[in-house]
Amino acid sequence: MSAHVALLDYGAGNLRSAQRALEHVGARVSVTAEAEVATQADGLVVPGVGAFSYCMEGLRSIYGPRIIGQRLAGGRPVLGICVGHQILFERGVEHGVDTPGCGQWPGVVEQLQAPVLPHVGWNTVQRPQDSAMFAGIDPQERFYFVHSFGVRTWEFEGDDLTEPPAVTWAEHGGDRFVAAVENGPLWATQFHPEKSGEAGLRLLRNWVEQL
């Protein structure tokens, strides 16, 4: 039976393209704001488009931080995409507004220091060796980004009891930022895999197949 993926609907995500991509790679997808469905599904995808503060407001309105925390406490997979990646960090600072995030990782989402913003279009990434997320994907493949803010400094190295997270980086306009993270059951991408052609579909298939 195909894996059941809950696509979290909190008013701040590009849901249809993500749903189509996940179904294309074999998942059975429920677009939902219901805590029980989101908690019990085999996998949870947290999308996100727009300002950090707006996404956190929508997420809190459906108890999203609690849902994410409960899933991770039980080792149940979560995938964050774009701002859904950013809200997993401790805080976001946009246009003078400092907003608490979900706090799964320390770190600050801040404006990229690049001459041209937003960062829109295709870009390569520098991924770690033995990445499960990028298994079977050519290292020179490009992924689709749309953002002006990101995590420019990685602050978490794990501890003696857990494997350190696998962090993927990208560069835009001379500035370096976190493009993806693999941390046990918690995966996240700053880019949009659902808009990244065959490489993005392979990444989503890698996630679905390990649910």
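For the structure, see preceding data.
Nothing here was measured: the structure is a model prediction, and the numbers come from that model. (Residues numbered from 1 in each chain as written. Predicted model: local features only at pLDDT ≥ 70, side-chain atom pairs only at ≥ 80, totals over all residues. Heavy atoms only, no water.)

Caption draft 1: Up close: the overall build of the protein chain. Check the secondary structure of the protein chain and you find 6 helices and 13 strands. Taken over C-alpha atoms, the radius of gyration comes to 16 Å for the protein chain, in line with the 17 Å a tight globule of 211 residues would show. Once the C-alpha set of the protein chain is aligned to its principal axes, its extents read approximately 45 × 40 × 40 Å. Considering the protein chain as a whole, with its 211 residues, one finds that 52% of them fall into the buried category. Element-wise, carbon and sulfur atoms account for 46% of the exposed surface of the protein chain, whose accessible area totals about 9,500 Å². In the protein chain, 15 side chains carry a positive charge and 24 a negative one; their mean positions are 6 Å apart. (Helix = DSSP H or I, 4+ residues; strand = E, 2+ residues; numbered from the N terminus. Rg over C-alpha atoms; globule rule 2.2 N^0.38 Å. Buried < 20%, exposed > 50% of the residue type's maximum accessible area, 1.4 Å probe, protein only. Areas by Shrake-Rupley, 256 points an atom, 1.4 Å probe, with all protein chains shown as cover. Lys, Arg positive; Asp, Glu negative; His and termini not counted. Charge placed at Lys NZ, Arg CZ, Asp CG, Glu CD.)

Caption draft 2: Geometry of the sheet that holds strand β5 (residues 89-94). Strand order in the open sheet formed by 4 strands is β6-β5-β7-β10, with mixed pairing between adjacent strands. Only two strands of the sheet have a single partner each, and these edge strands are β6 (97-100) and β10 (149-151). Here the strands of the sheet are splayed against their neighbours by 20° on average, with no regard to which way each runs. The strands touched by helix α3 (residues 52-61) within the sheet are β5, β6 and β7 (105-111), with β6 carrying the most contacts at an inclination of about 30°. (Pairing = 2+ DSSP bridges. Axes fitted to C-alpha atoms, helices over the stretch in contact; angles between N-to-C directions. Contact = heavy atoms within 4.5 Å.)

Caption draft 3: Examining the sheet that holds strand β3 (residues 43-46) more closely. In spatial order, the strands read β2-β1-β3-β4-β13-β12-β11; together these 7 strands make up an open sheet with mixed pairing. Of all strands in the sheet, those bounded by a partner on one side alone are β2 (28-32) and β11 (166-172). Put simply, the sheet's adjacent strands are angled 20° from each other on average, direction ignored. As judged from the 7 bridges shared by β11 and strand β12 (residues 175-183), these two strands associate in the antiparallel manner. Bridge pairing in β12 places Val167 opposite Val181.

Caption draft 4: Looking closely at helix α4 (residues 64-73). The complete set of buried residues in α4 reads Gly64, Ile67, Ile68, Arg71 and Leu72. All buried residues of α4 lie within an arc of 125° about the axis, which places them on one face of the element. For α4, the exposed residues set more than 90 degrees away from the buried face come down to Arg66 and Ala73. For α4, the elements touching its buried residues are α2 (35-40), β3, α3, β4 (78-81) and β13 (186-189). Positioned one or two residues after α4, Gly75 has a phi angle of 70°, which is positive. (Arc of directions from axis to C-beta.)

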